[in-house]
Amino acid sequence: MAAVTGDSSLMCHRIVARKSCVNLKNRIFGIPVSTWGNGEKVKGKVEFRVRAAVQVGLEGLKSEANFRGLEGNLGIDVVSEGELRQKGFLGLRKTKLVCTIGPACCSLEDLEKLALGGMNVARLNMCHNTREWHRDVIRKIKRLNEEKGFCVSVMIDTEGSQIHVVDHGAPSSVKVEDGSTWLFTAAKFEGSRPCTVQANYKGFSEGIEVGDELVIDGGMATFEVIEKNGGDLHCKCTDPGLFLPRAKFSFWRDGKLVTRNYELPTLSTKDWADIEFGISEEVDFIALSFVNNADSVRHLKSYLSTKSAKFIRVLAKIESLESLHKLEEIVDASDGIMVARGDLGVELPLEQIPAVQEDITDVCRKLNKPVIIASQLLESMVEYPTPTRAEVADVSEAVRQYADALMLSGESAIGSYGQKALSVLQMASSRMEMWSREENQQILLRQHQLGVSLPDHIAEQICNCAVEMANNLGVDAIFVYTKHGHMASLLSRNRPNPPIFAFTNDDSTRFAMNLQWGVVPLLVSLSDDMEANISKTVDLLKSKGLISQGDSVLVVSDVNPTRATPMAYQSIQVKTIA
Ligand SMILES: Nc1ncnc2c1ncn2[C@@H]1O[C@H](COP(=O)(O)OP(=O)(O)OP(=O)(O)O)[C@@H](O)[C@H]1O
Ligand SMILES: CC(=O)C(=O)O
Ligand SMILES: [K+]
Ligand SMILES: [Mg+2]
């Protein structure tokens, strides 16, 4: 299973380990805690240990031994297991994949094919279809997880409030001719009328003046406002194009977006009903559309705690100009971010999207939140069985930026080649990850200090050093034991070369970690005795033939205080499997 095995390489590991240990010790000595290090050789087993200890008292004592059903089980999903057997540790894909589920892929068979193809998270867009339809999909996914051993998380994506063209249900697009005059109105009417567009919100034209530019879907067609009549706008087409169903509007004046404070809430009545639905169906993530500030994220999170649904992680979708102004506070308040390039491109000139994507990804890394790059990654594959070269370059660029996850939208939801699109993401990301690894690209990542409190700072330092050590030593895997996924995320943030096996006894943590770069979530029963947990997980992996003699693992553990040892400490150990 090891990428490098054999005695000579093992010797090499040992020598580097000693050097790294010295470096590590020096770095940890930089923080005001008692530290010590020792290296010892135990019967063919090399073990280096560095510990940073901090007294935290007994309040933090947790009992984690109540996970009976799992006793003796290694909760590894079938896809990671298969990939590991086939490709070895370094062959495990690091970038996570999200697929939007729609009519083209909602049968049990199709969902299973996507799961086998590497889908880590299934996204359900509540804009479309009925709650019954979504419930049916969620239940099918959970059934596949239970019966077939997958670990696919479920995300619901709220509709949010946005001004768009009322969807008449006509599937096709409407052509807009150059110079033609159109009426934009909020007045309700049935069916369709020539050159008339119905907006979904009565105040859509508030603050709009004659001479303003009206852009459809970020450039599908452009109009000039030539007359305003009450709330109605008469507009002349200046750049011909197409109206797609639910097309979105944006207004521009002197080259700048006309931003208006609509009284549209981030969460509408329908969104709250969808959230209740998500809670009752026990989804893993709620993606909040059109977040404009951190308050809506915090509001939803506190609502989820009052409903005992804290296990649901809240992702904020960055898709408005306003959200970019408050990016840091939004990222800080959420459990993760989606760069929703589709709607972002309605409020932002398209040429700004690539730089904005990179900025958002940077802020997410700085604040240690997972980031998903979404929309139009392989758009041409909605229709064609092969992507454009430019699309593959876009996907590869997102992977080069070390985004945590990539998302398919229409490609999987309505496209004819969803599975193929997923395999393109899979191949393109594996290839770019390999290049980044070979070129040692992660050393270019900026190190930001996160922790303010001493224990947080220690955890962060431990994880930074652990990753540096794991890369220098060329260990096969990193093991981490985590309750809420925090330590795993701190390791992932450094984008290590080896995969991170994150053992948890919390089912919701397991599904949440599905969005984290390079993390393989494993569900096992854990006890207070960390040494016992380590031997047990090593034994479980060994008994399944997933690790074998000579493989080396770097183990990061966060040991809680017990009555016998009232001291919490975190440790890094390097073990060569005997
Ligand atoms: N559950 C569904 N039922 C029917 N069609 C769907 C469903 N989910 C997605 N689609 C179709 O797939 C397309 C792409 O899906 P996606 O959710 O990414 O797009 P979107 O509606 O533009 O996203 P958003 O509204 O979140 O910005 C949609 O335009 C819609 O036609
Ligand atoms: C995904 C999404 O909501 C967008 O790109 O707009
Ligand atoms: K949505
Ligand atoms: Mg959107």
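Source: prediction; values computed, not measured.

### Some words on the overall build of the protein chain
And step 1. From N to C terminus, the protein chain includes 17 helices and 24 strands.
And step 2. Burial status across the protein chain gives 56% buried among its 578 residues.
And step 3. Within the protein chain, contacts between residues separated by at least 24 positions form 71% of all contacts whose residues are at least 6 apart in sequence.
And step 4. Split by element, the accessible area of the protein chain, about 24500 Å² in all, is 51% carbon and sulfur.

### A short note on the coordination of the potassium ion (ligand 3)
And step 1. Note on the potassium ion (ligand 3): its protein donors are Asn125 (OD1), Asp157 (OD) and Thr158 (O). The metal-donor distances range over 2.8 to 2.9 Å.
And step 2. Each donor residue of the potassium ion (ligand 3) belongs to the same chain, and together they define the spacing N-x31-D-T.
And step 3. In this structure, the potassium ion (ligand 3) lies 5.3 Å from the magnesium ion (ligand 4). You can see Asn125 sitting in strand β4 (residues 121-125) and its partner Asp157 sitting in strand β5 (residues 153-157), a full 32 residues away along the chain. There is no split in this pair, since Asn125 and Asp157 are both buried.

### A look at the sheet that holds β4
And step 1. Spatially, the eight strands close up into a barrel ordered β3-β4-β5-β15-β16-β17-β18-β19, and their pairing is parallel. Sheet twist, expressed as the mean angle between neighbouring strand axes with direction ignored, is 25 degrees.
And step 2. Looking at chain direction, strand β16 (residues 313-318) and strand β17 (residues 336-340) are connected through four bridges and run parallel. Looking at β17, one finds that Lys317 is bridged to Met338.

### Re the site of ligand 2
And step 1. Looking at ligand 2, the residues that line it are Arg123, Lys317, Glu319, Met338, Ala340, Arg341, Gly342, Asp343, Ser375 and Met407.
And step 2. Between ligand 2 and Lys317 there is a distance of 2.7 Å, counted from an oxygen atom to a side-chain nitrogen or oxygen.
And step 3. Between ligand 2 and the protein, one listed contact pairs an oxygen atom with a side-chain N or O atom of Ser375 at 2.4 Å.
And step 4. Out of a free accessible area of 210 Å², ligand 2 has 90% covered by protein chains.
And step 5. Elements supplying a minimum of two residues to the shell around ligand 2: β17 and α9 (341-347).
And step 6. At three residues, the largest contribution of residues to the shell around ligand 2 is made by α9.
And step 7. Its residues assigned to classes, the shell around ligand 2 comprises three nonpolar, two polar and five charged.

### A closer look at the domain arrangement of the protein chain
And step 1. Here the protein chain is partitioned into domain 1 (7-88 + 443-576), domain 2 (95-160 + 265-438) and domain 3 (174-257).
And step 2. Taken together, the 28 residues of domain 1 in the interface contact 33 residues of domain 2.
And step 3. Summed over both sides, the interface between domain 1 and domain 2 buries roughly 2600 Å², with carbon and sulfur atoms accounting for 56% of that surface.
And step 4. The residue Asp362 makes a salt bridge to Arg446 at a minimum N-O spacing of 3.1 Å.

### Some points on the side chain of Glu83
And step 1. For Glu83, the position within the fold is in helix α2 (residues 78-87).
And step 2. Among residues more than four places away in sequence, those in contact with Glu83 are Gly88, Gly91, Leu92, Arg93 and Gln426.

### Side note on the site of ligand 1
And step 1. In the vicinity of ligand 1, 18 residues are found, and the nearest of them are Arg123, Asn125, His128, Asp343 and Ser409.
And step 2. Here an oxygen atom of ligand 1 and a side-chain polar atom of Asn125 are 2.5 Å apart.
And step 3. A distance of 2.9 Å separates an oxygen atom of ligand 1 from a polar side-chain atom of Asp343.
And step 4. Surface burial for ligand 1 is 76%, taken as the share of its 600 Å² of free accessible area covered by protein chains.
And step 5. Counting residues per element, the ones that place at least two in the shell around ligand 1 are β4, α4 (131-148) and α12 (410-413).
And step 6. When its residues are assigned to classes, the shell around ligand 1 shows six nonpolar, eight polar and four charged.

### Brief notes about the packing of helix α5 (residues 269-280) against helix α6 (residues 294-306)
And step 1. Running from N to C, α5 and α6 point in directions that differ by 40 degrees, and their axes come no closer than 12 Å. One element, α5, and the other, α6, form an angle in the oblique class. The way α5 lies across α6 gives a crossing that is right-handed. From α5, Trp272, Ile275, Glu276 and Ile279 reach across to α6, where they touch His299, Leu300, Tyr303 and Leu304.

### A look at a negative patch on the surface
And step 1. On the surface, Glu177, Asp178, Glu213, Glu224 and Asp239 cluster together into a negatively charged patch.
And step 2. With respect to the helices and strands, Asp239 occurs in strand β11 (residues 232-239).
And step 3. Residue class for Asp239 comes out partly exposed when judged on its relative accessible area of 37%.

### Here's the deal with the nonpolar core
And step 1. Counting residues in hydrophobic clusters, the biggest one holds 74 residues, and the most contacted among them are Ile101, Leu304, Ile337, Ile360, Leu378 and Leu406.
And step 2. With six residues, helix α13 (residues 418-438) is the largest single contributor of residues to this core.
And step 3. With 26 residues, the next largest nonpolar core counts Ile76, Leu84, Phe479 and Ile547 among its residues.

### Some remarks on helix α17 (residues 530-543)
And step 1. Between the first and last C-alpha of α17 there are 20 Å, a value that for 14 residues agrees with the 20 Å anticipated at 1.5 Å per step.
And step 2. Looking at the buried side of α17, the elements it contacts are β20 (477-481), β21 (500-504), β23 (552-559) and β24 (568-576).
And step 3. The backbone nitrogen of Glu531 lies 3.2 Å from a side-chain oxygen of the residue at the head of α17, namely Asp529.
And step 4. After α17 finishes, the residue Gly545 shows a positive phi value of roughly 75 degrees.

### Looking at empty space enclosed by the protein
And step 1. Enumeration according to the criterion identifies six cavities of 30 Å³ or more in this entry.
And step 2. Roughly 210 Å³ of volume is contained in the largest cavity.
And step 3. What lines the largest cavity is a set of 18 residues, and nearest its centre among them are Asp77, Val79, Ser80, Arg93 and Asn120.
And step 4. Counting residues per element, the ones that place at least two in the lining of the largest cavity are α2 and β22 (519-523).
And step 5. A class-by-class count of the residues in the lining of the largest cavity yields 10 nonpolar, four polar and four charged.
And step 6. Mapping the lining of the largest cavity onto the domain boundaries places at least three of its residues in each of domain 1 (7-88 + 443-576) and domain 2 (95-160 + 265-438).

### Some thoughts on the sheet that holds strand β7 (residues 181-185)
And step 1. Pairing in this open sheet of seven strands is mixed, and the strands run β8-β7-β11-β10-β9-β13-β14 from one edge to the other. Since the sheet does not close on itself, it has two edges, and those belong to β8 (196-198) and β14 (256-257), each with one partner.
And step 2. Pairing geometry for strand β9 (residues 213-216) and strand β10 (residues 221-229), over four bridges, is antiparallel. Bridge pairing in β10 links Ile216 to Ala221.

### Quick look at the UniProt feature "domain: Pyruvate kinase C-terminal" (unreviewed entry) in the protein chain
And step 1. The sites that UniProt annotates as "domain: Pyruvate kinase C-terminal" (unreviewed entry) are residues 460-560.
And step 2. Counting secondary structure, residues 460-560 comes out at 41% helix and 23% strand; the distance between its end C-alpha atoms is 17 Å.

Cut-offs and rules
- Sequence positions are assigned chain by chain, starting from 1 and proceeding in written order.
- Just so you know, chain letters begin at A and ligand numbers begin at 1, following the order they were written in.
- Where totals are concerned, whole chains, interfaces and linings use all residues; where local detail is concerned, this predicted model gives features only for residues with pLDDT of at least 70, and gives and counts side-chain atom pairs only at 80 or more.
- Side-chain calculation: all heavy atoms of the structure are included, whereas hydrogens and water are not.
- The secondary structure listing takes helices from DSSP runs of H or I that are at least 4 residues long and strands from runs of E that are at least 2 residues long, numbered from the N terminus.
- The buried label applies to any residue whose accessible area, calculated with a 1.4 Å probe on protein chains only, is under 20% of its type's maximum; exposed applies above 50%, and partly exposed to all values in between.
- Pairs of residues are marked as contacts when any of their non-hydrogen atoms sit within 4.5 Å.
- Here the open area of atoms and residues is found with the Shrake-Rupley method and a 1.4 Å probe, where only the protein chains shown may cover a residue.
- Coordinating donors are taken to be N, O and S atoms lying within 2.8 Å of the metal, or within 3.2 Å when the metal is Na, K or Ca; because water is excluded from the atom set, some sites may appear incomplete.
- Strand pairing is assigned whenever DSSP detects at least two bridges linking the two strands.
- Helix axes are fitted to C-alpha atoms over the stretch in contact, other axes to C-alpha atoms as well, and angles between N-to-C directions run from 0 to 180 degrees.
- Proximity is defined per residue: any heavy atom of the residue falling within 4 Å of a molecule or strand makes that residue near it.
- Two N or O atoms form a polar contact when they lie within 3.5 Å of each other; inside protein one atom must be a possible hydrogen donor and the other a possible acceptor, and for residues adjacent in sequence the pair counts only when both atoms belong to side chains.
- Gly counts as polar in this scheme, as do all residues outside two lists: the nonpolar Ala, Val, Leu, Ile, Met, Phe, Trp, Tyr, Cys and Pro, and the charged Asp, Glu, Lys and Arg.
- An automatic or database domain assignment supplies the residue ranges for each domain.
- Buried area adds together the accessible area that both of two parts lose upon being put together, with accessible area traced by a 1.4 Å probe.
- Counted as salt bridges are all cases of a side-chain nitrogen of Lys or Arg within 4 Å of a carboxyl oxygen of Asp or Glu.
- Note on angle classes: values under 35 degrees are labelled roughly parallel, values over 145 roughly antiparallel, values of 65 to 115 roughly perpendicular, and the remainder oblique.
- By definition, any crossing whose near helix is turned counterclockwise from its far helix by less than a right angle is left-handed, and any crossing with a clockwise turn is right-handed.
- Residues enter patches when their relative accessible area tops 30% and they take part in no salt bridge; the joining distance is 9 Å for like charges and 5 Å for the nonpolar side chains Val, Leu, Ile, Met, Phe, Trp and Tyr.
- Positive residues here are Lys and Arg, negative ones are Asp and Glu, while His and the chain termini are left out of the count.
- Here the site of a charge means atom NZ of a Lys, CZ of an Arg, CG of an Asp or CD of a Glu.
- What we call a nonpolar core is a set of buried Ala, Val, Leu, Ile, Met, Phe, Trp, Tyr and Cys residues that are connected through their side-chain atoms within 4.5 Å.
- Here, expected helix span is obtained from the residue count minus one, scaled by 1.5 Å.
- Put simply, the grid is 1 Å and covers the protein atoms alone, a cavity is a trapped set of points that fit a 1.4 Å probe, a pocket is an open set with protein on both sides within 12 Å along at least five of seven lines, and lining residues have an atom within 4 Å of a point.
- Grid points are joined across faces, edges and corners, and a volume is the space filled by probe spheres set on the points.
- UniProt positions are given in the numbering used here, feature names are shortened, and annotations may be inferred rather than shown by experiment.

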